[in-house]
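Examining the three-dimensional arrangement
The residues making up each chain are set out below.
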Amino acid sequence: MLRASDFRNKEVINLVNSEKLGFVSDFEICTTSGEIAAIIIPEKGKLFSSKSKGIRVPWSNITSIGDDIILISLSGDA
């Protein structure tokens, strides 16, 4: 089982355009099930703050979680 801290050490790469998006900074948790609904990645060039929502990646868009990276499939502007 992975801990939340394990995700912060993995770089997120979008398979659609081969873009390196950065590292996980936060999670969105489903209050009903307690499961992770999405991961949040800070937008490039911006400090993560309450004003900046970052890039939201739904859990269903995560293709693979490896030792060093998380592969996602996210179409459109990330």
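Presented here is an overview of the structure given in this document. All values reported here derive from a predicted model rather than from experimental measurement.

As a further point, take the nonpolar core. Val12, Val24, Ile39, Val57, Ile70 and Ile72 are the most contacted members of the largest nonpolar core, which totals 13 residues. Only β4 (36-41), β5 (55-58) and β7 (69-72) provide two or more residues apiece to this core. Excluding its chain neighbours within four sequence positions, the residues that come into contact with Ile70 are Phe7, Lys10, Glu11, Val12, Ile13, Val24, Ile62, Ser64 and Ile65.

Glancing now at the sheet that holds strand β1 (residues 11-14). Read from one edge to the other, the open sheet built from 4 strands follows the order β2-β1-β7-β6, with strand pairing classed as mixed. Each edge of the sheet is formed by a strand with only one pairing partner; in this case those strands are β2 (19-23) and β6 (62-65). Neighbour-to-neighbour, the strand axes of this sheet turn through a mean angle of 25°, independent of strand direction. Sheet analysis places β6 next to β7, joined by 3 bridges and oriented antiparallel. Bridge pairing in β7 places Ile62 opposite Ile72.

Oppositely charged side chains may form a pair once their charged atoms are brought near each other. Counted according to the given criterion, the structure contains 1 salt bridge. Across the salt bridge formed by Arg56 and Glu28, the nearest N and O atoms sit 2.8 Å from each other. Of the two residues, Arg56 is situated in strand β5 and Glu28 in strand β3 (residues 26-29); the sequence distance between them amounts to 28 residues. With a relative accessible area of 40%, Arg56 lands in the partly exposed category.

Inspection of the secondary structure assignment puts Asn61 in the loop between β5 and β6. The class of Asn61 is partly exposed, set by a relative accessible area of 21%. C-alpha separation for the pair Asn61 and Leu71, spaced 10 residues apart in sequence, amounts to 8.8 Å. There is a polar contact of 2.7 Å between the side chain of Asn61 and the backbone oxygen of Ser73.

The rules behind each value
Residues numbered from 1 in each chain as written. Predicted model: local features only at pLDDT ≥ 70, side-chain atom pairs only at ≥ 80, totals over all residues. Heavy atoms only, no water. Core = buried A, V, L, I, M, F, W, Y, C linked by side-chain atoms within 4.5 Å. Buried < 20%, exposed > 50% of the residue type's maximum accessible area, 1.4 Å probe, protein only. Helix = DSSP H or I, 4+ residues; strand = E, 2+ residues; numbered from the N terminus. Contact = heavy atoms within 4.5 Å. Pairing = 2+ DSSP bridges. Axes fitted to C-alpha atoms, helices over the stretch in contact; angles between N-to-C directions. Salt bridge = Lys/Arg side-chain N within 4 Å of Asp/Glu carboxyl O. Polar contact = N/O pair within 3.5 Å; in protein donor to acceptor, adjacent residues only side chain to side chain.

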